[in-house]
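Reading the structure
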Amino acid sequence: MSKPPRLTLPSVARAYRLTTARGEFAVHEAGQPVRGTALLVPGYTGSKEDFVGLLGPLAGAGYRVVAVDGRGQYETPGPRDEAAYGLEELARDVLAQAAALGGGPLHLVGHSLGGLIARAAVLRDAAPFASLTLMSSGPGAITEVQRARTKLLVAGLEALRDDMPALWEAMRAQDPPDAVPDGPAMTEFLRERWLATVPEQLITTGRVLIGEPDRVAELAEVPLPKLVLSGKVDYAWPVPLMDEMAVRLSAARVIVEDAEHSPNAENPQVTAGALASFWELALQR
């Protein structure tokens, strides 16, 4: 799971609930839309906090940055109904968020599962967006090893969806013995986020990661500037696979040094610089 680099919002940011035609969504927002707005969509088991390291740098570069908790994800409520979390439903939510953010250039960024959601939104309607960034997100389902792990998690969720604390403890018991322990505040945050996320959201989106088909050819037909951004190593989609996807998409490609699956959290300063540079070029096309 992604871990924020820190939990405190920068002074330029605020937390509030974004009102849309499809309900309210918890967001963190920073900056003014001098050069445009960015909508940041988090990944599986993640939340808006995963982007906290990007808020200050991107606001300083002249962007309004809005990181969102999706439906049923951490501080955004959602129903106990698996049908509510299908990929097309989540894509419609992203389009509603885009509409609520208003006019001006709007850059869409999806991290991991968020990239699959962002892709589905763009395939449904690309008109609201000035660009699309797929961050640590691949052409379809995750690797075989990660599919096996996610299937186990989904099975656990199906069995223990009404006892999420017990499942959390079972998950943490599987942590490698040599793993660096989180501090008390991060430990509490990660547990709280897990317990607040609707289990049906995790079940349904887990299945998306396991079974999503390759839709790169469809996306390549969308006349929108695209960026494929990742760390140097990725456990969900191998870096060479993302390299190939970028070629198929005729997309810009950035590999962030000193980062793995979550460059937004692991090297946010460099990631922010790469995003701002891409967005500037995207508007010149």
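Notes on the structure follow. Residues take numbers from 1 onward in each chain, read along the sequence in its written order. Where totals are concerned, whole chains, interfaces and linings use all residues; where local detail is concerned, this predicted model gives features only for residues with pLDDT of at least 70, and gives and counts side-chain atom pairs only at 80 or more. Excluding hydrogens and water, the side-chain figures rest on all heavy atoms present in the structure.

A word on the pattern of salt bridges
Think of a salt bridge as a Lys or Arg side-chain nitrogen and an Asp or Glu carboxyl oxygen that are within 4 Å of each other. For the coordinates displayed, the defined rule picks out 27 salt bridges. A salt bridge links Arg 22 to Glu 89, with the nearest nitrogen and oxygen atoms 2.8 Å apart. A residue pair is termed long-range when its members are at least 10 positions apart, and Arg 22 in the loop between strand E1 (13-20) and strand E2 (23-30) and Glu 89 in helix H2 (residues 87-101) qualify at 67 residues. Summary of the burial criterion: residues with accessible area below 20% of their type's maximum are buried, those above 50% are exposed, and those between are partly exposed, where the area comes from a 1.4 Å probe applied to protein chains only. Overall, Arg 22 belongs to the partly exposed group, its relative accessible area being 30%. The way it works is that DSSP assigns letters per residue, a run of H or I at least four long becomes a helix, a run of E at least two long becomes a strand, and they are numbered from the N terminus.

Topic: the sheet that holds E1
With respect to topology, 8 strands assemble into an open sheet ordered E1-E2-E4-E3-E5-E6-E7-E8, the strand pairing being mixed. Taken across any chain shown, the strands that pair with only one partner, and hence form the sheet edges, are E1 and strand E8 (252-256). Across the sheet, the mean angle from the axis of one strand to that of its neighbour is 25°, orientation sign disregarded. Of the pairings in the sheet, the one linking strand E6 (residues 131-135) to strand E7 (residues 226-231) comprises 4 bridges and is parallel in character. By the bridge assignment for E7, Leu 132 is matched with Lys 226. Only when DSSP finds a minimum of two bridges between them are two strands counted as paired. As a rule, the C-alpha atoms of each element are fitted with a line to give its axis, helices using only the stretch in contact, and angles between N-to-C directions run from 0 to 180 degrees.

Side note on the nonpolar core
Here, nonpolar core refers to any group of buried Ala, Val, Leu, Ile, Met, Phe, Trp, Tyr and Cys residues whose side-chain atoms link them within 4.5 Å. One finds Leu 108, Phe 129 and Leu 157 to be the most contacted residues of the largest nonpolar core, which totals 61 residues. Membership of the second largest hydrophobic core comes to 25 residues, among which are Leu 40, Phe 51, Val 256 and Leu 275.

Concerning the packing of helix H1 (residues 52-60) against helix H11 (residues 268-282)
Packing of H1 against H11 brings their axes to within 9 Å, and their N-to-C directions diverge by 50°. In terms of orientation, H1 lies oblique with respect to H11. For the crossing formed where H1 meets H11, the hand is right-handed. Packed against H1, whose contacting residues are Gly 53, Leu 54, Pro 57 and Leu 58, the element H11 presents Pro 268, Gln 269, Thr 271, Ala 272, Leu 275, Ala 276 and Trp 279 at the interface. Class assignment of the residues belonging to the contact of H1 with H11 gives a composition of 8 nonpolar, 3 polar and no charged. Put simply, angles under 35 degrees are roughly parallel, angles over 145 are roughly antiparallel, angles from 65 to 115 are roughly perpendicular, and the rest are oblique. If you view the pair so one helix is near and one far, a crossing is left-handed when the near helix is turned anticlockwise from the far one by less than a right angle, and right-handed when it is turned clockwise. Any pair of residues with heavy atoms lying within 4.5 Å of one another is described as a contacting pair. Each residue is assigned to one of three groups, with Ala, Val, Leu, Ile, Met, Phe, Trp, Tyr, Cys and Pro labelled nonpolar, Asp, Glu, Lys and Arg labelled charged, and all others, Gly among them, labelled polar.

Structural notes on the side chain of Ser 230
Assignment of secondary structure puts Ser 230 in strand E7. Here a polar contact means two N or O atoms within 3.5 Å. Within protein one must be a hydrogen donor candidate and the other an acceptor candidate, and residues neighboring in sequence count only if both atoms are side-chain atoms. Engagement of the side chain of Ser 230 in a polar contact is seen with the side chain of Arg 253, the distance being 3.0 Å. Ignoring any residue separated from it by four or fewer positions in sequence, one finds Ser 230 in contact with Ser 136, Val 239, Met 242, Arg 253, Val 254, Ile 255, Val 256 and Pro 263.

Overview of the pairing of E8
Where E7 and E8 come together, 5 bridges link them in parallel fashion. Considered in E8, the bridge of Val 228 is made with Arg 253. Consider the strands pointing away from the viewer: the crossover is right-handed when the path from the first strand over the helix to the second runs clockwise. For the handedness criterion, the β-α-β arrangement of E7, helix H9 (residues 239-249) and E8 is classed as right-handed.

A closer look at the packing of helix H5 (residues 164-172) against helix H6 (residues 184-196)
One can describe the packing of H5 onto H6 by two numbers: an axis separation of 9 Å at closest approach and a directional angle of 135°. Put simply, H5 runs oblique to H6. Judged by the sense of rotation from one axis to the other, the crossing of H5 with H6 is right-handed. Where H5 approaches H6, its residues Met 164, Pro 165, Leu 167, Trp 168, Glu 169, Met 171 and Arg 172 are matched on the opposing element by Leu 190, Arg 191, Trp 194 and Leu 195. A per-class count over the contact of H5 with H6 returns 8 nonpolar, no polar and 3 charged.

So, the packing of aromatic side chains
Aromatic pairs are defined between Phe, Tyr and Trp rings, using the six-membered ring for Trp, whenever the two ring centres lie within 6.5 Å; interplanar angles under 30 degrees are classed as stacked, those over 60 as edge-to-face, and all others as tilted. Here the structure, examined in full by the defined rule, presents 3 aromatic pairs. On the basis of an interplanar angle of 90° and a centroid distance of 5.6 Å, the ring pair of Tyr 74 and Phe 189 is categorised as edge-to-face. Pair noted here: Tyr 74 is in the loop between strand E4 (63-68) and H2 and Phe 189 is in helix H6, with a separation of 115 residues, a long-range link. Phe 189 sits in the buried class, given a relative accessible area of 8%. Both rings, one in Trp 168 and one in Trp 194, keep their centres 6.1 Å apart while their planes meet at 35°; by these two values the pair is tilted.

Description of H2
Taking 1.5 Å per residue as the helical rise, H2 with its 15 residues ought to reach 21 Å, and the 21 Å between its terminal C-alpha atoms agrees with that figure. For H2, the set of buried residues is Leu 87, Leu 90, Ala 91, Asp 93, Val 94, Leu 95, Ala 96, Gln 97, Ala 98 and Leu 101. Just downstream of H2 lies Gly 102, where phi reads positive at about 90°. Here the expected span of a helix is defined as 1.5 Å times the quantity of residues minus one.

Considering the environment of Arg 119
Its place among the elements puts Arg 119 in helix H3 (residues 113-124). Spatially, the C-alpha atom of Arg 119 lies 24 Å from that of Val 270, the residues being 151 residues apart in sequence. If we ignore the near neighbours within four places in the chain, the residues touching Arg 119 are Gly 138, Pro 139, Gly 140, Glu 212, Pro 213, Arg 215, Val 216 and Leu 219. In this structure the side chain of Arg 119 is engaged in a polar contact, spanning 2.9 Å, whose partner is the side chain of Glu 212.

A word on the side chain of Asp 69
As for its placement among the helices and strands, Asp 69 is situated in the loop between E4 and H2. At 2.6 Å, the side chain of Asp 69 forms a polar contact with the side chain of Lys 48.

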